[in-house]
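Per-entry structural report
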2 protein chains.
Amino acid sequence: MGTTTADAVLVREVGLRDGLQMLAQFMPTPDKLAWIRAEHAAGVREIEVTSLVPARLAPQFADAEAVVREALALPGLCVVALVPNLRGAERAFELGVHKLDYVVSVSRTHNLRNVRREREASLEDLARIVRARDEAGLRGRVRVAAGLSTALGCSYEGRIAVDEVRRCAAALAEAGADEVAVADTVGYADPKLVAEVFTAVQAETGALPLLAHFHDTRGLGLANVKAALDVGVRAFDASLGGIGGCPHAPGATGNVSTEDLCFMLDALGLASGIDLPALLEVRQRLTQWLPGVALHGAVARAGLPTGWRPASSLHRVATS
Amino acid sequence: MGTTTADAVLVREVGLRDGLQMLAQFMPTPDKLAWIRAEHAAGVREIEVTSLVPARLAPQFADAEAVVREALALPGLCVVALVPNLRGAERAFELGVHKLDYVVSVSRTHNLRNVRREREASLEDLARIVRARDEAGLRGRVRVAAGLSTALGCSYEGRIAVDEVRRCAAALAEAGADEVAVADTVGYADPKLVAEVFTAVQAETGALPLLAHFHDTRGLGLANVKAALDVGVRAFDASLGGIGGCPHAPGATGNVSTEDLCFMLDALGLASGIDLPALLEVRQRLTQWLPGVALHGAVARAGLPTGWRPASSLHRVATS
């Protein structure tokens, strides 16, 4: 075959937020910064570096200001922070992040339990955040990414109707989101559902960039990525070593592991711009930064194939 | 959407052969038989129960006769044995297996190291096996399945040219194989290559049943299954708990895990006929049968989703 077009895919590291948020141990700030710098050096160009929730609720992110400040010094890195509400967004504006992530659950029950309010209230807050961003003169400088969590299933509600996802996606666009993320928060997705849901969302969100956030809870993470790629999605969240998980599923992995995702994208001839051997070295260091934390991911366990080189050269070999 | 056609997929358990073949510890015959009986009771309808290599070369399979004999007593179970050569095939005929598996490596180097002969000699042996089967009056009663190993990559030769795979597939059909298996022996496949290779093979083997044998070495096992499904493949090897692996990749998994495969097929609305909760119970027993052996597989680790039911009912829920 031989791929000649360099079809680009954004891989966004969320391990520092989604991966750390349920960890009992505090990851020291210098280690977080070393992790961010090392991934940046390996070619990662977007990192969700922290969550701007109140420190009393999430001690893991008590160092948010310091982490954001140092991350902003890295050239070409898009620095993202999760914000739970307008107050968090205002902190994000003050800190100067490039992008903030704001999440609404498609599952009404999950939204109530997660942020103690109705989805409609969460959507109104999104509109307020966008307005506050614009009034602060930050339009064009700070992007508001809005995510739909539990969009592919919910531990409380089970399957989620695709029409509900579609309706929520339209509401995000209506509220002024600059990009839309669709998340399989609890790892219920399968490739068929992914194709169906992302196609439905794209019909509502049009030209807005669309990102997929998959957990590998039941082993389908990469199959789901492939299904999303097949319907045109070109941005994915991932966590190094697949860290993260769910308190209700002991031993479950977190997001798709960044290194396995990069391995597959490369094999498919899709350019992430990430140096995979360098990324695997960062993962090796992660075992020291997070002693006792189980890392997942098959490529690190098995090693790269004999004579592995990035896809462009491999595909040339395959055609000869 | 709502799937109404019951698209059927064959899941073949190969853990007792591919999973055990590199294990130093001998799995006691009663445990092997309990495993076979329990999977049969869970709905598995084809099991590769042993390898008919000389016992001095593979002590793990010294009990092949007893295992085959007991497996043959299970109603509706297709009993398969791997055979390395004509001598092994003759043993298979004597034992009365329903199907024998015979493998040729597409990689010349791998074939030389694995069975110490050229691929051409291996292909000639396949023709001899088919002839011996027919001369013994077993045509129609014993099927000869021929596999192409290293068809998606080789630890010695790296990438394998698709034209080589195509040529070998045509040779298997020419030699009289009743079915063809294509194996990613060392876990190098990716979904794009899978689509390419299986499409090429089908063009050569026409109406012969085609089976895919994937290892999950680098996390792409299920993504590769999905890619094969997308080009029409409807039979897959798998090993319970993903046991197996490769001596050159410490910690690597073996085949795609049977339970994760069944979970995905069900989610896709494809019927394997296997009772997933019952299969997960067999996997639980496997931890006792093989103490100290690392099991893989995400569904067993994370558990089934809340309120999980087999796909037909789920898809009804999704449409309501």
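Quick look at the structure, then. (Residues numbered from 1 in each chain as written. Chains lettered and ligands numbered in written order. Predicted model: local features only at pLDDT ≥ 70, side-chain atom pairs only at ≥ 80, totals over all residues. Heavy atoms only, no water.)

**Here's the deal with the side chain of A:Ser272**
All names here are of chain A. As a reminder of what qualifies: What counts as a helix is a DSSP run of H or I of at least four residues, what counts as a strand is a run of E of at least two, and both are numbered from the N terminus. For every residue, the accessible area (1.4 Å probe, protein chains only) is compared with the maximum for its type, and the residue is labelled buried under 20%, exposed over 50%, or partly exposed between those bounds. Two N or O atoms count as a polar contact when they lie within 3.5 Å, although within protein this holds only if one can serve as hydrogen donor and the other as acceptor, and sequence-adjacent residues are included solely when both atoms are side-chain atoms. It only takes one pair of heavy atoms within 4.5 Å for two residues to be counted as in contact.
Relative to the helices and strands, Ser 272 resides in the loop between strand 10 (270-271) and helix 11 (276-289). A relative accessible area of 18% means that Ser 272 is categorised as buried. Looking at Ser 272, its side chain comes within polar contact range of the main-chain nitrogen of Ile 274, at 3.2 Å. Not counting residues within four places of it along the chain, the set of residues in contact with Ser 272 comprises Val 9, Val 11, Cys 262 and Leu 265.

**Focus: the relation of the copies chain B and chain A**
Between the two copies of the chain lies a rotation about an axis combined with a shift along it. Convention followed: Alignment of copies: least-squares fit on C-alpha atoms of residues with pLDDT of at least 70 in both copies.
With an RMSD of 0.0 Å, the operation that places chain B on chain A is a rotation of 180° combined with a shift of 0.0 Å along the axis. The symmetry that links the two subunits is that of a two-fold axis. Among all residues of chain B, the minimum C-alpha distance to the rotation axis is found for B:Ala223, at 2.0 Å. Interface overlap between copies is the fraction of interface residues in one copy that are interface residues in the other; for chain B against chain A it reaches 100%, indicating a shared surface.

**Describing the environment of A:Arg87**
The residue A:Arg87 is located in helix 4 (residues 86-95) in this model. Remark: the alpha-carbon pair of A:Arg87 and A:Asp125, spanning 38 residues in sequence, is separated by 10.0 Å.

**Observations regarding the interface of chain B and chain A**
Note the threshold: Buried area is calculated as the accessible area (1.4 Å probe) missing from two parts once they are joined, with the contributions of both summed. Throughout, the ten residues Ala, Val, Leu, Ile, Met, Phe, Trp, Tyr, Cys and Pro are labelled nonpolar, Asp, Glu, Lys and Arg are labelled charged, and all others, Gly among them, are labelled polar.
Listed per partner, the contact involves 41 residues of chain B and 41 residues of chain A. Carbon and sulfur atoms make up 62% of the area that chain B and chain A hide from each other, which totals about 3500 Å². Considering only the side of chain B, the residues that lose the most area to chain A are B:Arg159, B:Lys192 and B:Arg218, jointly responsible for 20% of the buried surface there. Taken together, the connections running from chain B to chain A amount to six residue pairs in polar contact (both at pLDDT 80 or more). For the side of chain B that touches chain A, the secondary structure elements donating two or more residues are helix 8 (191-205), helix 9 (221-230), helix 10 (258-267), helix 12 (298-302) and helix 13 (311-319) of chain B. Split into classes, the residues belonging to the side of chain B that touches chain A amount to 21 nonpolar, 11 polar and nine charged.

**Digging into helix 10 of chain B**
All names here are of chain B. Among the 10 residues of helix 10, 10 are classified as buried, and the element is accordingly described as predominantly covered. Residues of helix 10 that are buried: Thr 258, Glu 259, Asp 260, Leu 261, Cys 262, Phe 263, Met 264, Leu 265, Asp 266 and Ala 267. Gly 269 occupies a position one or two residues after helix 10 and carries a positive phi of about 80°.

**Structural notes on helix 4 (residues 86-95) of chain B**
All names here are of chain B. Among all positions of helix 4, only Gly 88, Ala 89, Arg 91, Ala 92 and Phe 93 are buried. Capping the start of helix 4 is the job of one residue whose side-chain oxygen sits 3.2 Å from the backbone nitrogen of Arg 87: Asn 85. Following helix 4 by one or two positions, Gly 96 has its phi on the positive side, about 85°.

**What to know about the packing of aromatic side chains**
All names here are of chain A. For the record, the criterion: Here a Phe, Tyr or Trp ring, Trp counted by its six-membered ring, pairs with any other such ring whose centre lies within 6.5 Å, and the pair is stacked when the planes are under 30 degrees apart, edge-to-face when over 60, and tilted otherwise. Working rule: Lys NZ or Arg CZ, within 6 Å of ring centre, within 35 degrees of ring normal, means a charge sits over the ring.
Inspection of the entire model under this criterion finds two aromatic pairs over all chains. Each ring, one from Phe 198 and one from Phe 214, has its centre 5.8 Å from the other, and the planes form 65°; the classification is edge-to-face. Linking Phe 198 in helix 8 (residues 191-205) with Phe 214 in strand 8 (residues 210-214), this pair joins segments that are 16 residues apart in sequence. By the burial criterion, Phe 198 is buried, and Phe 214 matches it. The ring of Tyr 156 carries Arg 113 above its face, with NZ or CZ at 4.3 Å from the centroid.

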